[in-house]
Structures are given as C-alpha cells and as structure tokens.
Amino acid sequence: MTSEVVVRFCRVGSVQVPPPRFQTVGAAGMDLCAALAEPVRLVPLGRRQIPTGWKVAIPAGYEGQVRPRSG
C-alpha cells in the first residue's frame with residue numbers, strides 16, 4: 001500500500017519561475033529554477049542566497065533538500 005504525501009507550494013516574489021518538476025522518468029529529485037531578475041556571478045568557493053520564487057510547506061516527518069545540478 002502506498003500513501004500519498006501532499007507538499008504545498010506557493011509562489012513568492014516578483015520573478016515568475018516554472019514549478020519544480022521531475023525532468024526525467026525515475027528521477028530522484030525535482031529541478032528547481034532560480035528566481036533571478038538578472039544574472040548572478042559567483043567567485044570560486046563563493047556563496048550567495050539565491051531565491052527560488054517558492055515557499056514550501058513540507059509535512060512533519062519529511063525534509064526538503066536543495067542541491068547543485070549533477071550535470
């Protein structure tokens with residue numbers, strides 16, 4: 001028996017981005033776009049907060065992770 005998990009998404013900010021989605025069949029995670037009005041340049045080993053354009057309500061007992069693209 002499989003139970004369905006509902007994760008709610010709500011758009012935030014002024015930059016419209018597509019909703020997170022699986023790009024391939026069997027993918028372990030969804031692709032999440034950056035909500036940027038203009039390009040951002042990162043220096044080597046640099047860090048910046050990058051908006052996603054979404055707020056997410058993750059149910060208790062679950063977690064969300066944001067990782068760099070593998071490709």
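Scoring rules and cut-offs
Residues numbered from 1 in each chain as written. Predicted model: local features only at pLDDT ≥ 70, side-chain atom pairs only at ≥ 80, totals over all residues. Heavy atoms only, no water. Helix = DSSP H or I, 4+ residues; strand = E, 2+ residues; numbered from the N terminus. Rg over C-alpha atoms; globule rule 2.2 N^0.38 Å. Buried < 20%, exposed > 50% of the residue type's maximum accessible area, 1.4 Å probe, protein only. Contact = heavy atoms within 4.5 Å. Areas by Shrake-Rupley, 256 points an atom, 1.4 Å probe, with all protein chains shown as cover. Lys, Arg positive; Asp, Glu negative; His and termini not counted. Charge placed at Lys NZ, Arg CZ, Asp CG, Glu CD. Phe/Tyr/Trp six-rings, centres within 6.5 Å; stacked < 30°, edge-to-face > 60°. Patch = residues over 30% accessible without salt bridge, like charges linked within 9 Å, V, L, I, M, F, W, Y side chains within 5 Å. Salt bridge = Lys/Arg side-chain N within 4 Å of Asp/Glu carboxyl O. Disulfide = S-S within 2.5 Å.

1. Some remarks on the overall build of the protein
Tallying secondary structure elements over the protein gives zero helices and two strands in all. Rg of the C-alpha trace for the protein: 14 Å, well past the compact-globule value of 11 Å for 71 residues, more than 25% over. With respect to the three principal axes, the spread of C-alpha positions in the protein is 50 × 30 × 25 Å. In the protein, which comprises 71 residues, the proportion classed as buried is 7%. Sequence separation of at least 24 residues holds for 45% of the intrachain contacts in the protein that already meet a minimum separation of 6. When the accessible surface of the protein is totalled, it reaches about 6800 Å², and 54% of it is carbon and sulfur. Within the protein, one finds 9 positive and 4 negative side-chain charges whose respective centroids are separated by 6 Å.

2. Points about the packing of aromatic side chains
All told, the structure shown has one aromatic pair when counted by the stated rule. Seen in terms of ring centroids, phenylalanine 9 and tryptophan 54 are 6.0 Å apart; in terms of plane orientation they differ by 90°. Their pairing is edge-to-face. Residue phenylalanine 9 is located in strand β1 (residues 8-11), and its partner tryptophan 54 is located in strand β2 (residues 54-57); the two are separated by 45 residues in the primary sequence. Accessibility expressed as a relative area gives 39% for phenylalanine 9, which makes it partly exposed.

3. Here's the deal with the environment of threonine 24
Relative to the helices and strands, threonine 24 resides in the loop between β1 and β2. As a C-alpha pair, threonine 24 and arginine 41 span 17 residues in sequence and 28 Å in three-dimensional space.

4. So, a nonpolar patch on the surface
There is a patch of nonpolar side chains on the surface, built from Val5, Val7, Phe9, Val56, Ile58 and Tyr62 and spanning about 500 Å² of accessible area. When you line up the elements, valine 5 lands in the segment before β1.

5. Description of the state of the cysteines
Tallied over the full model, the rule gives zero disulfides. The closest cysteine sulfur to the non-disulfide-bonded cysteine 33 is located on cysteine 10, 17 Å from its own sulfur. Of the residues examined, cysteine 33 reaches a relative accessible area of 37% and is grouped as partly exposed.

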